[in-house]
Amino acid sequence: MASLIELVRAHTDLDADDVAWLQLLQADWQIIADLSFADLVLWLPDREGTGFWAGGQMRPTTGPTAYVDDIVGTFVPAGRRPHLDIAYAEGRLVREGDPEWRDDVPVRAETIPVRRGQRVIAVVGRNTNLLGVRTPSRLELSYLQTAADLTQMIAGGHFPLPGQRSDHADTPRVGDGFLRVDEQGRVVYASPNALSVYRRLGHSGDLDGLRLSEVTRELVPTRHRSDEEALSAVLGGRTNRDAEIGTDSVSLIVRAIPLRPHGRLIGALVLVRDVTDLRRRDRELVTKDATIREIHHRVKNNLQTVAALLRLQARRMDSQDAKAALEEAVRRVGSIAIVHEILSQAVEESVAFDDVADRLAAMVADVGSVGGGIRVRREGSFGELPSETATTVAMVLTELLQNAVEHGYPALDGSGGTIVVTAERKPDRLVFTVVDDGQGLPEGFEVEVSSTLGLSIVGTLVESELGGRLTLGPTSAGRGTRAEIDVPV
């Protein structure tokens, strides 16, 4: 399905400001669709003047849809739907005409010109499935009157309003709780859901005739009203924005949309939503995240303690082979500790692995007996890795670097050497190489039959833990060794 911007670029002469205006409209048109009990379709004028393109579509959550299929991207030639032509050419709402029949469903079609400044830049089609129409209650009449005011504002260029967009997850919707206030901020109508929300806040009785801001102030403690001016503007219906209020046990989000169908404020639509459970879960997630970070911190401390004990033990060993084996174990434990240290400082359970790779490279080069003459350089980026993958990749990288230092430069002559770590992140894979300019692999070497512990660890981790592939061989220059790891991420 084509996006609004793609359709605008391909078929219209609308500029960037026009598109921004239409995007603001779309951010709030779920509200208009729900209040109207109708589908909305945004029609864009073709640059050749031959018709209209469907640039967006919104179905109501309060009634049956008038469209079985999505129609975004379809084209309607001029003259096929006269309502569109009239609304665009004359800049007025068009409601007259008999119902249309679509798939055996009677549909009332209306058109609303979208005005920005002095120009009509698009048309909104409002299509009501008449099979869902019933004798209107006070709730439905209030919905429809508010929808009529908003559509008049669209036609007059007074909507969308500047201010916060309402297309984020917590913003109230019509069904959460609907209130209509007059220009003085007094409640003209409150839906049953809105009354329920205020009763959970502590209010008893009806809200009709009461100033919403005064009622709310009596219910909400001062410590929960951080911005009195903004709260008064929202609850009085004078500004287009959200505000969060509540008590120690209840949290609400309030959204106001001032109504100016003829340019003068006549009141406002106020939506309320009880987000107590959402905020409780947010607090639980914050607590869980803090706990996880603390666990990573303690694991890092424990691993560092293990590494220190192994280092002490190595100092007491007389056998050089035993001492070297313990020093390798210290580096392996240290590589895992680095990952947990970074996770203990991160909010997400993922690791920016470039920092880990750089620290591992410095650790391996510094600890080796000939490390003073080895330079390790990283090229490319590993990107973000999940914590489980990061730990395994850290161990693999440590082993490859250690092998390069120990076996590539067994007798450094003072000229030093360079190890290059290259990383490339693909859409679903990570490929990284460790290339040294040392003495290279022994003649007849085969990784499958190698008995070295480091390569055994690498092979097991890459194939079993990461589900990847290890390739080891000479460099293209003929000097040194190249190890390549290709793993899915």
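Since this is a predicted model, take the numbers as computed values, not measurements.

(A) Layout of empty space enclosed by the protein. Applying the stated criterion to the full structure yields two cavities of 30 Å³ or more. Size it by volume and the largest cavity reaches roughly 40 Å³. Every residue along the wall of the largest cavity is listed here: Glu328, Arg331, Arg332, Thr398, Glu399 and Gln402. Those elements that place two or more of their residues in the lining of the largest cavity are α9 (320-345) and α11 (387-408). In terms of residue class, the lining of the largest cavity is made up of no nonpolar, two polar and four charged.

(B) Main features of unusual backbone geometry. Omega for the peptide link from phenylalanine 159 to proline 160 comes to 10°, which places this bond in the cis form. Mapped onto the elements, proline 160 comes out in the loop between α4 (138-156) and β7 (178-182). Not every positive phi belongs to a glycine, and phenylalanine 37 is a case in point at roughly 55°. Judged by relative accessible area, phenylalanine 37 falls into the buried class, the value being 16%.

(C) Expanded view of the packing of aromatic side chains. Considering all chains together, one arrives at seven aromatic pairs under this definition. Ring pairing ties together the aromatic residues Phe37, Tyr143, Phe178 and Tyr189, which thus form one cluster.

(D) Molecular detail of the side chain of serine 232. As for its placement among the helices and strands, serine 232 is situated in helix α7 (residues 228-235). Given the relative accessible area of 15%, serine 232 is considered buried. The contact partners of serine 232, leaving out residues within four places of it in the chain, are Arg217 and Arg238.

(E) Fine view of the layout of surface pockets. Looking at the largest pocket, its volume works out to about 330 Å³. In terms of lining, the largest pocket is formed by 17 residues, of which the most central are Asn403, His407, Leu441, Leu455 and Thr481. When residues of the lining of the largest pocket are traced back to their parent elements, those giving at least two are α11, β16 (429-436) and β18 (481-488). Tallying contributions element by element places α11 first for the lining of the largest pocket, with five residues. For the lining of the largest pocket, the residue count by class is nine nonpolar, seven polar and one charged.

(F) Expanded view of the environment of glycine 468. Examined against the element boundaries, glycine 468 turns out to sit in the loop between α12 (453-465) and β17 (469-474). Here the alpha-carbon distance between glycine 468 and valine 364, two residues 104 residues apart in the chain, equals 24 Å.

(G) Region of the structure containing the sheet that holds strand β8 (residues 187-190). Spatially, β8-β7-β11-β10-β9 is the arrangement adopted by the five strands of the open sheet, whose pairing is antiparallel. Edge positions in the open sheet fall to β8 and β9 (241-246), since each of these has one partner strand only. Within this sheet the neighbouring strands show an average axis-to-axis angle of 25°, counted without direction. Here three bridges tie β7 to β8, and the two strands are oriented antiparallel to one another. Its bridge partner lying in β8, leucine 179 is registered against alanine 190.

Cut-offs used in this document
- Residues numbered from 1 in each chain as written.
- Predicted model: local features only at pLDDT ≥ 70, side-chain atom pairs only at ≥ 80, totals over all residues.
- Heavy atoms only, no water.
- 1 Å grid on protein atoms, 1.4 Å probe; cavity = no way out; pocket = protein on both sides within 12 Å on 5 of 7 lines; lining within 4 Å.
- Points joined across faces, edges and corners; volume = space filled by probe spheres on them.
- Helix = DSSP H or I, 4+ residues; strand = E, 2+ residues; numbered from the N terminus.
- Nonpolar A, V, L, I, M, F, W, Y, C, P; charged D, E, K, R; others polar.
- Buried < 20%, exposed > 50% of the residue type's maximum accessible area, 1.4 Å probe, protein only.
- Phe/Tyr/Trp six-rings, centres within 6.5 Å; stacked < 30°, edge-to-face > 60°.
- Contact = heavy atoms within 4.5 Å.
- Pairing = 2+ DSSP bridges.
- Axes fitted to C-alpha atoms, helices over the stretch in contact; angles between N-to-C directions.

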